[in-house]
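Residue-level structure breakdown
The primary structure of each chain is shown beneath.
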Amino acid sequence: MKELDLRFAFAKGAVCFLSLLLAGCGGSGSLIPPPAQKTPLISWAQPAPITYGTWLSATQLDATTNVSGTFAYNPPLGTKLSAGSHTMSVVFTPADSIDYSTATATVTLTVDQAMPTLSWAAPLSIECGKALSTAQLNANANTPGSFAYNPALGTVLSAGSHTLFVTFTPTDTTDYA
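The structure presented is a predicted model; accordingly, all values stated were derived computationally and were not measured.

This paragraph deals with the sheet that holds strand 4 (residues 69-74). The strand order across the open sheet formed by 4 strands is 3-6-5-4, and the pairing between neighbours is mixed. Here the strands that pair on one side only, and so sit at the sheet edges, are strand 3 (50-51) and strand 4. Two strands pair when backbone bridges link them, and strand 5 (residues 84-94) and strand 6 (residues 103-112) are joined in this way by 9 bridges, in the antiparallel orientation. Bridge assignment links Val91 to a residue of strand 6, and that residue is Thr104.

Let's shift gears to the layout of surface pockets. As a volume, the largest pocket reaches approximately 260 Å³. Residue lining of the largest pocket: 17 residues in total, with Ser125, Ile126, Leu157, Gly160 and His162 positioned closest to the centre. Split by residue class, the lining of the largest pocket holds 8 nonpolar, 7 polar and 2 charged.

Here we come to the environment of Asn142. Checked against the element boundaries, Asn142 lands in the loop between strand 8 (140-141) and strand 9 (145-150). Among the residues examined, Asn142 registers a relative accessible area of 46% and is labelled partly exposed. Not counting chain neighbours up to four residues away, the residues in contact with Asn142 comprise Pro116, Thr117 and Tyr176. Among the polar contacts listed, one links the side chain of Asn142 to the backbone nitrogen of Thr117, at a separation of 2.9 Å.

Quick notes on the rules
Residues numbered from 1 in each chain as written. Predicted model: local features only at pLDDT ≥ 70, side-chain atom pairs only at ≥ 80, totals over all residues. Heavy atoms only, no water. Pairing = 2+ DSSP bridges. Helix = DSSP H or I, 4+ residues; strand = E, 2+ residues; numbered from the N terminus. 1 Å grid on protein atoms, 1.4 Å probe; cavity = no way out; pocket = protein on both sides within 12 Å on 5 of 7 lines; lining within 4 Å. Points joined across faces, edges and corners; volume = space filled by probe spheres on them. Nonpolar A, V, L, I, M, F, W, Y, C, P; charged D, E, K, R; others polar. Buried < 20%, exposed > 50% of the residue type's maximum accessible area, 1.4 Å probe, protein only. Contact = heavy atoms within 4.5 Å. Polar contact = N/O pair within 3.5 Å; in protein donor to acceptor, adjacent residues only side chain to side chain.

Right under this line is the structure:
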């Protein structure tokens, strides 16, 4: 009687199947590779546009699949993107790495320009014959930029009620309209 000693060394997580056919006193055997891994199907709908200043959240980073595992997004959760069009990607790593391979998907996210927020307190009355100063022309914005007033700084107004106007131009014209 002959003894058959089979010893195999595999990398961690590797799976192989052994098929052994013994015929008479001879014998033969072969290693059969495992079946091909399946690629999980990722569902990731095109996210609705967001406004500059919005941090990426689970609302935009919401890919799903029917296989358990983890998602790694690029850019990641909590990122603030500049205004414009951005390609976002996800890599899905299945919990069952024997039967399933990693999968990737991409979507495009539009980030709209933000509108600057202006504040301007109603100015106090000034004496007739006094010029407009920074005490009256003192609007503020939530982003750096320049203010153009009408009537301009230094204008002497006639007696009566006057409407003051301001036009704001943000320094960052990429992210602010």
